[in-house]
Amino acid sequence: MKLYALSDLHLRYEHNRQALESLAPHPEDWLIAAGDIGETPEHMDFAWRTLTARFGKVLWVPGNHELWTVSREPGALRGEALYQQRVAECRAHGVLTPEDPYPRWPGEGPHRVLVPMFLLYDYSFRPDHVAEQDAIQWAMDSDVLCTDEALLHPDPYPSRAAWCAARVEQTLARLEALPADCSTLLINHFPLRYEHVRLPRIPRFSIWCGTKKTEDWHRRFRAEVVVSGHLHMPATLWRDGVRFEEVSLGYPKQWTWRGDISHLLREILPGPLP
C-alpha cells in the first residue's frame, strides 16, 4: 500500500483534464490532492469523479485557485462560504478535507497521522526590511501581482492575513491535541518554510506563498514528511531529518516535457530514504 501526492492540476486546461483521465488505477493506494485542482464546481466534480475511481482514498487541501470567485453573478460565493462549498463538494464524493478528523495511515510502519491543513498566507514570506503594509507594493515594484488580490476574497475576515491567522490558530489547537506517540504527515498547499520558496524568475511572489508562523511545525509536530504544492517546481528537500515534498503538476507547458502524468505522481509513503 502506498501514499501518493499530486497538486496544481489546474483542470481548466483541457490537456491536464485528458492527462488526469489517463492515470492508471491504484485501487489499494491513497492520493493527496494538494490544492489548485480547479476553479469551478465543474472542475472539482471532474477531479473527484476521476480520482476516487482510481484510488482507494483521496485527501484534499485547498489552494488559492479553489478559493477564487470567478463568477460575476450577484451573490456568488466568496471567502469562507466558498471554502465550505468546496468542502461539501469533497464530502459528496467521499474525499477527506481539512475539516474532517485526521486519518491514521493504515499502511505498514509506525503510528502516523495524515494532517490535511488549510492555512493560507499572510505576506510574511518577505525580507525583514520590508514592512507588512509595504509587501504588496514591494512585489509590484518587480512587476509581480498575484491574481488573488482580485479574486480571492477573505469574507467575513477583514483581510487574507486575518483569515490566515484564524486558520493557523484553529489548526494549532488540533495539532496540539494529537497523541504524543504519533508522527505526522503535514499536508498544505502552501510551503511551511520561507526558505523553500525558490522562485528565481519571480522571487517577490513569495509573499503569496505561506506564513512564517509554520516555520518550526515540522519539528514541533513530529513530521515525517511535509507535502506542499503551489510553486510549480517539484522537488524533494530535507531539513532537520524531515522530508519536504513539493508535488506540483502545473500548467501544460510546465510539465509535459517531463513525461506521462502517471510517472509524475510523487510517492510519499514508503518514499525515499535520506
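- An unreviewed UniProt entry lists the chain under the name 3',5'-cyclic AMP phosphodiesterase CpdA, from Stigmatella erecta.

### Describing unusual backbone geometry
Here is step 1: A cis amide bond links aspartate 155 to the next residue, proline 156, at an omega of 5°.
Here is step 2: Turning to its location among the elements, proline 156 is positioned in the loop between α5 (148-151) and α6 (160-176).
Here is step 3: Here the amide bond leading from leucine 269 into proline 270 is cis, since omega sits at 0°, within 30 degrees of zero.
Here is step 4: Relative to the helices and strands, proline 270 resides in the segment after β9 (266-269).
Here is step 5: If you check the backbone angles, histidine 10 has positive phi at about 45° while not being a glycine.
Here is step 6: Among the secondary structure elements, histidine 10 is positioned in the loop between β1 (3-6) and α1 (14-21).
Here is step 7: The exposure class of histidine 10 is buried, given its relative accessible area of 2%.
Here is step 8: Phi at tyrosine 123 is positive, roughly 70°, even though this residue is not glycine.
Here is step 9: Here tyrosine 123 is to be found in the loop between β4 (112-116) and α4 (135-140).
Here is step 10: Look at tyrosine 123 and you get buried, because its relative accessible area is 9%.

### Let's talk about the packing of helix α2 (residues 41-52) against helix α3 (residues 79-92)
Here is step 1: At a minimum axis separation of 10 Å, α2 and α3 run at an interaxial angle of 30°. Overall, the two elements α2 and α3 adopt an arrangement that is roughly parallel. Crossing of α2 against α3: the hand is right-handed. Contacts between α2 and α3 pair Pro41, Met44 and Trp48 from the former with Arg86, Glu89 and Cys90 from the latter.
Here is step 2: Of the residues in the contact of α2 with α3, the class split is four nonpolar, no polar and two charged.

### Looking at the environment of tyrosine 194
Here is step 1: For tyrosine 194, the location among the structural elements is in the loop between β5 (183-187) and α7 (217-220).
Here is step 2: Sequence separation between tyrosine 194 and isoleucine 207 is 13 residues, and the spatial gap between their C-alpha atoms is 9.3 Å.
Here is step 3: What tyrosine 194 contacts, discounting residues up to four positions off in sequence, is Phe125, Arg126, Pro127, Ser206, Lys212 and Glu215.

### What about α1?
Here is step 1: Of the residues making up α1, those classed as buried are Asn16, Ala19 and Leu20. The buried side chains of α1 occupy one side of the element, clustering within an arc of 100° when seen end-on.
Here is step 2: In this fold, the buried residues of α1 make contact with α2 and α8 (252-255).

### A few points about α6
Here is step 1: The end-to-end C-alpha distance of α6, which contains 17 residues, comes to 24 Å, matching closely the 24 Å that a straight helix rising 1.5 Å per residue would cover.
Here is step 2: Within the sequence span of α6, burial applies to Arg160, Ala161, Trp163, Cys164, Ala166, Arg167, Val168, Thr171, Leu172 and Leu175.
Here is step 3: Of the surrounding elements, those touching the buried residues of α6 are α3, β4, α5, β5 and α7.

### What about the sheet that holds strand β8 (residues 242-246)?
Here is step 1: The strand order across the open sheet formed by five strands is β4-β5-β6-β8-β7, and the pairing between neighbours is mixed. Two strands in the sheet have a free side with no partner beyond their single neighbour: β4 and β7 (235-239). Taken pair by pair, the neighbouring strands of this sheet meet at an average axis angle of 15°, ignoring direction.
Here is step 2: In this sheet, β8 lies alongside strand β6 (residues 223-228) in parallel orientation, the contact comprising four bridges. Following the sheet pairing, valine 226 is matched in β8 by phenylalanine 244.

### With respect to the state of the cysteines
Here is step 1: Scanning the entire structure with this criterion turns up zero disulfides.
Here is step 2: Cysteine 164 takes part in no disulfide bond, and the closest cysteine sulfur to it belongs to cysteine 209, at a distance of 12 Å.
Here is step 3: Looking at cysteine 164, the relative accessible area reads 0%, which means it is buried.

Cut-offs used in this document
- Residues numbered from 1 in each chain as written.
- Predicted model: local features only at pLDDT ≥ 70, side-chain atom pairs only at ≥ 80, totals over all residues.
- Heavy atoms only, no water.
- Helix = DSSP H or I, 4+ residues; strand = E, 2+ residues; numbered from the N terminus.
- Buried < 20%, exposed > 50% of the residue type's maximum accessible area, 1.4 Å probe, protein only.
- Axes fitted to C-alpha atoms, helices over the stretch in contact; angles between N-to-C directions.
- Parallel < 35°, antiparallel > 145°, perpendicular 65-115°, else oblique.
- Left-handed = near helix turned anticlockwise from the far one by under 90°.
- Contact = heavy atoms within 4.5 Å.
- Nonpolar A, V, L, I, M, F, W, Y, C, P; charged D, E, K, R; others polar.
- Arc of directions from axis to C-beta.
- Expected span 1.5 Å × (residues − 1).
- Pairing = 2+ DSSP bridges.
- Disulfide = S-S within 2.5 Å.

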